Amino acid sequence: VNVVDEYLGNTSENVTSGRAVGLIRAYLPIVVAAALIALIPLRYQDSRSMMSVITVGVLFACYAVAFNIIFGSTGQLFLCSGALAGIGGYGSAILADRSGWPVPLALVTSTVVAALVAGTLSWIAVRRALDTIFIGIVTIAFALSFENLVLGKGDWTGGESGLRVSTGSDSWLTGQIAPYYVFLGLLVVYLVVFRALQRSRIGWAFRALRDDGLAAELSGVDVSRYRILAGTLGGAMLGLAGGLYVFSESRASPSTFAFGNVDVSVLVMLAFGGIGSLLGPVVGAAAITWLDEFLDAVGYAQIKEMIYGAVMVVLFLGFRRGVVPMVTDLFKRKPK
Amino acid sequence: MKALAALLDGIVLGLQYGLLGVGLTLIFGLAGVVNLAHGQIAVLGAIIVALLMGAGWAVIPAAVVGVVAAGVFLLFLDLTLMRAVYREHGEHRILLGLLLMLGISFVIDGFLNWRYPIESLTIRIGGDPVPILGVNMRTGSLLATAITIGAGAALLVFFQYTTLGRGVRSVIQDEQGARLVGINPSSVRSFVFFLSGSLAGLVAVTGAMTAPQASSFGIRLTTLALIVAVVGGLGSVAGAFLAGILLGIIDRFASAYIGQFYTTVILLLCAAAMIVVRPSGLLGKRT
């Protein structure tokens, strides 16, 4: 963002071309990243298992962008990304399969529900002026309750073994290659939303309240409103991604949305890529997906959990800014 | 009858919960670290005891080694990784502590899952059930309760009447003030980390007297410790015991009358509701 602002300033002699340059500079990274990601299946399209691995990688990039809006932009530690995605996933599966709703309507409804739940959590946090730690605990409590309910309400969710979703199983959402591009499209939309937010007044408010909530409040930024907005939007993005994934997999299972599975990965991805940066979630998701596959390939699958824990410790200890902000800094320093 | 049994069981369980919560609450009060690896450290202790007993050790020395080992592990974390946390301030400090401990919980869980996936600790206490108010209580749970009450009483005496215990309380209340009267917060912190780890180990050992403690129990114990500490008020030792007993009773009643699956959900909702209604908890100081 700072890069954008600097260049916008530099080109003030010609406002219109300056604006165009600014636009290109703002959205070019998304185009480049999308083009690169679009090329990955060329190498893996023959392998069903690899395609599903990289599809999940893109899905997690979507999760991470959504989490980045909530945590990276407004500093609300939501430890329930998996549960919010699960609301989207189980919600649309149950609506479409059991109640016979059309897939798009089921998706939209469950996305709205996820958004409302996340917005409510945000609202509670804002109203009660909860610290980071308490938001974290409330959202962890919510995430674990959701997990327990999914396991306990077996007649609705299929319990441990999950729910088979037959609706939409013959549509363009399933298959070997198509889902990958569906999620890539979703990722691009999410990134554009993120960038557009950053460039708008909202992004300006986000930065102000993240840096110093009190100062932002005092200078007239409606902190509560922007926090709730970020929570609701992030919740909707998580819910939609989770819902789409359930249809592309034709099943919803508890482990797909488990805290230990989704939230931890998303945190590590964001920490690696760079919290608050545009492409951080994408770089992080790519790195962790690669690491995951690499560990499987060299036979370290059993100690994966240990390695992730260690990676997390190392990342938070010595590498807190993440890859993307560091690289951006390198490029920024050059022209000066 | 069913209600009375649930009540007595609830108190037995609740004392354990209390001891679990105390360990977490102490570290938060003193160092601002939410120890998300608390349950995993307890299980680590339990597995050490199980391995030693498997190697032919008697129960008591094995239990002592396990409990001390859990304490030493947390002490080690205090002296190494947590140093980076103490350099930070405010929200950053809390966030860094929480995330590092989350990472450590995964390291421990991953390790136990890898090396000892089916290991569990069971300590068999012989003897016939003892009827109390007409409810037959197993000797195992009575012994566990006795040990837990003993540990709780020892903690109470320690915090009320010993110099070191008062030192710990003074640091929790006001680190700067404690420093002014000649207390070294850093060594107090190390001591409390050791104490907290040992308490975690003790919970796992006494827990093993009533039910097997499996190597995968870490997450469950951490969640419980967190719930208890939050309901009692983060940083409050007495609050943790009070909350533990209340939640233990709620746990047994919920599981007797509503169903096992909803028990955890109800406990989690208690914690969430407490944060929303009264973030300082039952006995925590208002901030």
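Residues numbered from 1 in each chain as written. Chains lettered and ligands numbered in written order. Predicted model: local features only at pLDDT ≥ 70, side-chain atom pairs only at ≥ 80, totals over all residues. Heavy atoms only, no water.

Draft legend 1. Structural detail: the overall build of chain B. Per the secondary structure count, chain B includes twelve helices and four strands. Rg of the C-alpha trace for chain B: 18 Å, near the compact-globule value of 19 Å for 287 residues, within the 12% margin. For the C-alpha atoms alone, the extent of chain B along its principal axes is close to 55 × 45 × 35 Å. For chain B, the proportion of its 287 residues judged to be buried stands at 54%. Of the roughly 11900 Å² of accessible surface on chain B, 68% is carried by carbon and sulfur atoms. (Helix = DSSP H or I, 4+ residues; strand = E, 2+ residues; numbered from the N terminus. Rg over C-alpha atoms; globule rule 2.2 N^0.38 Å. Buried < 20%, exposed > 50% of the residue type's maximum accessible area, 1.4 Å probe, protein only. Areas by Shrake-Rupley, 256 points an atom, 1.4 Å probe, with all protein chains shown as cover.)

Draft legend 2. Layout of the overall build of chain A. Counting its secondary structure elements, chain A contains 16 helices and two strands. Taken against the 2.2 N^0.38 rule, which gives 20 Å for 336 residues, the C-alpha radius of gyration of chain A at 20 Å falls within 12% of a compact globule. Structurally, chain A occupies a C-alpha span of about 65 × 50 × 40 Å along its principal axes. When the 336 residues of chain A are sorted by exposure, 51% land in the buried category. In chain A, once contacts between residues fewer than 6 apart in sequence are set aside, the share between residues at least 24 apart is 78%. For chain A, the accessible surface area stands at approximately 14800 Å², while carbon and sulfur atoms represent 64% of it. Charge-centre separation for chain A: the mean point of 24 positive side chains lies 7 Å from the mean point of 21 negative side chains. (Contact = heavy atoms within 4.5 Å. Lys, Arg positive; Asp, Glu negative; His and termini not counted. Charge placed at Lys NZ, Arg CZ, Asp CG, Glu CD.)

Draft legend 3. Spatial organisation of the environment of R220 of chain B. All names here are of chain B. Inspection of the secondary structure puts R220 in helix α10 (residues 218-232). The class for R220 is partly exposed, based on a relative accessible area of 41%. Those residues in contact with R220 that lie beyond four places of it in its chain are Y17 and T264.

Draft legend 4. Structural detail: the packing of aromatic side chains. A full pass over the atoms with the stated rule returns twelve aromatic pairs over all chains. Taken together, a centroid distance of 5.6 Å and an interplanar angle of 45° make the contact between F158 of chain B and F191 of chain B tilted. Pair noted here: F158 of chain B is in helix α6 (residues 139-161) and F191 of chain B is in helix α9 (residues 185-207), with a separation of 33 residues, a long-range link. An angle of 10° between the planes, with centres 5.9 Å apart, marks the rings of F253 of chain B and Y257 of chain B as stacked. Taken together, the residues span about one helical turn, with F253 of chain B and Y257 of chain B both in helix α11 (residues 237-257) at a distance of four residues. By relative accessible area, F253 of chain B is classed as partly exposed at 26%. Ring pairing ties together the aromatic residues F111, W114 and Y116 of chain B, which thus form one cluster. Directly above the ring of Y226 of chain A sits R225 of chain A, whose terminal nitrogen or CZ lies 5.2 Å from the centroid. Against the face of Y257 of chain B rests K2 of chain B, its NZ or CZ located 4.5 Å from the ring centre. (Phe/Tyr/Trp six-rings, centres within 6.5 Å; stacked < 30°, edge-to-face > 60°. Lys NZ or Arg CZ within 6 Å of the ring centre and 35° of its normal.)

Draft legend 5. View of the pattern of salt bridges. Inspection of every chain in the model, using the stated rule, returns five salt bridges over all chains. For K304 of chain A, the salt bridge goes to D292 of chain A, with nearest N and O atoms at 3.3 Å. With a gap of twelve residues between them, K304 of chain A in helix α15 (residues 304-318) and D292 of chain A in helix α14 (residues 280-297) connect regions that are remote in the sequence. A residue is classified by how much of its surface remains accessible, and K304 of chain A, at 17% relative accessible area, is buried. Note on D292 of chain A: relative accessible area 24%, which makes it partly exposed. Note that R83 of chain B and D78 of chain B form a salt bridge whose closest N and O atoms lie 3.5 Å from each other. Taken together, the shared-partner salt bridges in this structure form one network comprising D292, D296 and K304 of chain A. (Salt bridge = Lys/Arg side-chain N within 4 Å of Asp/Glu carboxyl O.)

Draft legend 6. Molecular detail of the packing of helix α6 (residues 103-127) of chain A against helix α7 (residues 132-152) of chain A. Residue and element names in this part refer to chain A. As a packed pair, α6 and α7 sit with axes 11 Å apart at the nearest point and diverge in direction by 150°. Judged by the twist between their axes, the crossing of α6 over α7 is right-handed. Note on element contacts: α7 touches α6 through I135, V138, T139 and F142, opposite V117, L121 and A125. In terms of residue class, the contact of α6 with α7 is built from six nonpolar, one polar and no charged. (Axes fitted to C-alpha atoms, helices over the stretch in contact; angles between N-to-C directions. Left-handed = near helix turned anticlockwise from the far one by under 90°. Nonpolar A, V, L, I, M, F, W, Y, C, P; charged D, E, K, R; others polar.)

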